[in-house]
Amino acid sequence: MASSGSVFTEYLRVLGVPHTNAYSTRRYRAYPRHMALTAMYDLLREYKAAPEIADVKPSAEALAGVKVPFVAQTADGCRIVTEVSPQFVSVIGPHDAKAVIMPVGKFVDEWSGKAISASPTSDSGETNFKSHRFKELSRGIEKWLLVVCVVFLVAVFAVSGHTFGDWSTCAVFVLVQPSAIAGKP
């Protein structure tokens, strides 16, 4: 989930619902952490993805009855269940970059019995998606443009002014430039 930023944005990605990571993550994180499933439910309704809630006694039978993919509340936080078989469950956890296979018994032991699934339609998606996507792309282009400009200026100064004629100048440049490019003070 590292690339998406939140369990909500990762779930939207799994469902194929149009969204932007920055906006969706910001909306999800506006809720207190202990209200993760409430946030998920509210936001899935906002994104017109028809959420359904399951609140059952944790068991292998109950697990098999929940529509996949779904978000399950576990002891480790919310996890996305992408596949359920009689022996194994495929889950994406809060710290996993991709799905992890775990035995059904182990998952059931960690699962609270609460889950949310969704049924997206062609109308599902983030409000003002095109505008948010344009802003997201613009920010990415701005960052790359800044890097290109810095590299270009360094090259011009190096060629025209013999900037790198002294070892101490090179050392200062190497120490200062990475933080300037990254935007750190």
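Up top you'll find the structure we're talking about.
As the structure is a computational prediction, the values presented were derived from the model and not from experiment.

1. Examining unusual backbone geometry
- Looking along the chain, the bond that leaves V68 and enters P69 is cis, with omega of -5 degrees.
- Tracing the backbone shows P69 in the loop between α4 (60–64) and β2 (70–74).
- At K48, a position not held by glycine, the phi torsion is positive, near 55 degrees.
- The phi torsion at N128 lies on the positive side, around 60 degrees, for a residue other than glycine.

2. Here we look at the packing of helix α2 (residues 21–29) against helix α3 (residues 36–46)
- Remark: α2 packs on α3, axes separated minimally by 9 Å, with the N-to-C direction vectors making an angle of 135 degrees. Considering the angle they form, α2 stands oblique to α3. Taken as a pair, α2 and α3 cross one another with a handedness that is right-handed. From α2, Y23, R27 and Y28 reach across to α3, where they touch A36, A39, M40, L43 and E46.
- Within the contact of α2 with α3, the residues separate by chemical class into six nonpolar, no polar and two charged.

3. As for the pattern of salt bridges
- In the structure shown here, the tally under the stated rule is four salt bridges.
- Note that R13 is salt-bridged to E10, the shortest N-O span being 2.5 Å. Here R13 pairs with E10, and both are found in helix α1 (residues 7–15), just three residues apart, close to one helical turn.
- In this structure R13 comes out as partly exposed when scored by relative accessible area, which is 47%.
- Taking the relative accessible area as the measure of exposure, E10 reaches 2% and is therefore buried.
- Here the residues in one salt-bridge network are D76, R79 and E110, joined through shared partners.

4. Side note on the packing of aromatic side chains
- In this structure the tally under the stated criterion is four aromatic pairs.
- Ring geometry for F8 and Y47: centres 5.3 Å apart, planes at 90 degrees, overall edge-to-face. Here F8 is found in helix α1, whereas its partner Y47 is found in the loop between α3 and β1 (51–55), with 39 residues between them in sequence.
- Under the relative-accessibility criterion, Y47 is labelled buried at 0%.
- A connected cluster of aromatic rings, assembled from ring pairs, spans F8, Y28 and Y47.

5. Some points on the sheet that holds β2
- Ordered by their spatial adjacency, six strands build an open sheet running β1-β6-β2-β3-β4-β5, and the pairing between neighbours is antiparallel. This sheet does not close on itself; its edge strands, each paired only once, are β1 and β5 (100–103). The mean inter-strand angle of the sheet, taken between neighbouring strand axes irrespective of direction, is 35 degrees.
- Summarising the sheet, strand β4 (residues 88–92) and β5 pair through four bridges and their orientation is antiparallel. Note that in β5 the partner of S90 across the bridge is I101.
- Across the sheet, α1 is in contact with β2, β3 (77–84), β4 and β6 (111–118); its angle to β3 comes to roughly 15 degrees.
- Against the sheet, α3 engages β1, β2, β3 and β6, with an angle of about 10 degrees to β6.

Scoring rules and cut-offs
- Residues numbered from 1 in each chain as written.
- Predicted model: local features only at pLDDT ≥ 70, side-chain atom pairs only at ≥ 80, totals over all residues.
- Heavy atoms only, no water.
- Helix = DSSP H or I, 4+ residues; strand = E, 2+ residues; numbered from the N terminus.
- Axes fitted to C-alpha atoms, helices over the stretch in contact; angles between N-to-C directions.
- Parallel < 35°, antiparallel > 145°, perpendicular 65-115°, else oblique.
- Left-handed = near helix turned anticlockwise from the far one by under 90°.
- Contact = heavy atoms within 4.5 Å.
- Nonpolar A, V, L, I, M, F, W, Y, C, P; charged D, E, K, R; others polar.
- Salt bridge = Lys/Arg side-chain N within 4 Å of Asp/Glu carboxyl O.
- Buried < 20%, exposed > 50% of the residue type's maximum accessible area, 1.4 Å probe, protein only.
- Phe/Tyr/Trp six-rings, centres within 6.5 Å; stacked < 30°, edge-to-face > 60°.
- Pairing = 2+ DSSP bridges.

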